Amino acid sequence: MADTAQIARQRSPLAHAADRLAAVTRSSGGAVRLAEVPFLAQLNVRLDAKSPAADAVGLALGLQLPLESNTVVRAADLTAVWLGPDEWLVVGQPGAQRELESRIRVAAGDEHVSVTDVSAQRTTLLVTGPRARDLLSHGCSLDLHPSAFGPGRCAQTTLARAQVVLVARDETRAGFWVLVRSTFAGYLTDWLLDAAVEYTDGPAAGSAA
């Protein structure tokens, strides 16, 4: 069960930028929508993809761990992001990390599994809107065209020289998750706000003032 009291006491890495993100969203007329999605539970999971534990963990989580490189599987409020042949990032609701870790370890049983809570290491930026791909393409070398990086795809890449996990979400018009280390979140947000001015009605929305 999520520890909502603890979450309420926390301050997200981008709390100071919430007004500026909202201002760009308004000023762009919805062409780009920027927001932080703070405190998501994030667990790094490593195990043999061909072992019985992989199937057991998938059943316990209610989703199959993705086996195809750079793909994402989502079910209900959980998302499993492929990071490597034997490595995934399981993302859930804020405060759910302990419960998710318990489910994974119990399901794996005696099979070898590594579960690391990395929730505090990153925050998540939500980038949506009709010009979201154009905005991200300014700072990312990946081909983000839907034919190459469509819904359900992911990649560990750089955005404006910051290391990120980029996820093309599969819900209708859901845009992208940009998972970035908390220490780089402010820098990356400033870059996004500056780059997004192209789609707004003036430079003030991207100003840090």
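All values reported here derive from a predicted model rather than from experimental measurement.

Parameters at a glance
Residues numbered from 1 in each chain as written. Predicted model: local features only at pLDDT ≥ 70, side-chain atom pairs only at ≥ 80, totals over all residues. Heavy atoms only, no water. pLDDT = per-residue confidence, 0-100. Contact = heavy atoms within 4.5 Å. Pairing = 2+ DSSP bridges. Helix = DSSP H or I, 4+ residues; strand = E, 2+ residues; numbered from the N terminus. Axes fitted to C-alpha atoms, helices over the stretch in contact; angles between N-to-C directions. Buried < 20%, exposed > 50% of the residue type's maximum accessible area, 1.4 Å probe, protein only. Arc of directions from axis to C-beta.

**Examining the confidence of the model for the chain**
Note that predicted coordinates carrying low pLDDT should not be read in detail.
And step 1. Taken residue by residue, the chain gives an average pLDDT of 92. The fraction at 70 or more is 91%.
And step 2. Scored below 50 in pLDDT, residues 204-209 makes 11 contacts in the model with residues more than four places away or belonging to other chains.

**Observations regarding the sheet that holds strand β3 (residues 72-75)**
And step 1. Taken in spatial order, the 5 strands make up an open sheet running β3-β4-β5-β2-β6, and their pairing is antiparallel. Of all the strands in the sheet, the pair left with one neighbour each is β3 and β6 (114-117). Neighbouring strand axes in the sheet, compared pairwise and without regard to direction, differ in orientation by 20° on average.
And step 2. One ladder, built from 6 bridges, connects strand β2 (residues 41-46) with strand β5 (residues 87-92); its direction is antiparallel. Within the sheet, the bridge partner assigned to L43 lies in β5 and is V90.
And step 3. Together, β2, β4 (78-84), β5 and β6 form the strand contacts of helix α4 (residues 97-108), whose direction differs from that of β2 by roughly 20°.

**Focus: the sheet that holds strand β7 (residues 122-128)**
And step 1. Pairing is antiparallel across the open sheet formed by 5 strands, whose spatial order is β1-β7-β10-β9-β8. Looking at which strands have only one partner, the edges of the open sheet turn out to be β1 (33-37) and β8 (154-159). Between one strand and the next, the sheet's axes are offset by a mean angle of 30°, whatever the strand orientation.
And step 2. Looking at chain direction, β1 and β7 are connected through 5 bridges and run antiparallel. Among the inter-strand pairings, V37 is bridged to a residue of β7, identified as T124.
And step 3. Together, β1 and β7 form the strand contacts of helix α2 (residues 18-27), whose direction differs from that of β1 by roughly 155°.
And step 4. Across the face of the sheet, helix α6 (residues 182-196) comes into contact with β1, β7, β8, β9 (162-168) and β10 (176-181) while running at roughly 135° to β10.

**Comments concerning unusual backbone geometry**
And step 1. Positive phi is not limited to glycine here, since N70 has a value of about 60°.
And step 2. For N70, a relative accessible area of 29% corresponds to the partly exposed category.
And step 3. Here R161, not a glycine, exhibits a phi torsion of approximately 70°, which is positive.
And step 4. Inspection of the secondary structure assignment puts R161 in the loop between β8 and β9.

**Here's the deal with α2**
And step 1. Listing the buried residues of α2 in full gives R20, L21, A23, V24 and S27. The buried residues of α2 occupy one face: seen down the axis, they fall within an arc of 160°. Exposed side chains of α2 directed beyond 90 degrees from the buried face belong to D19 and R26.
And step 2. The inward-facing, buried residues of α2 contact β1, β7 and α6.
And step 3. Phi turns positive, to about 65°, at G29, one or two residues after α2.

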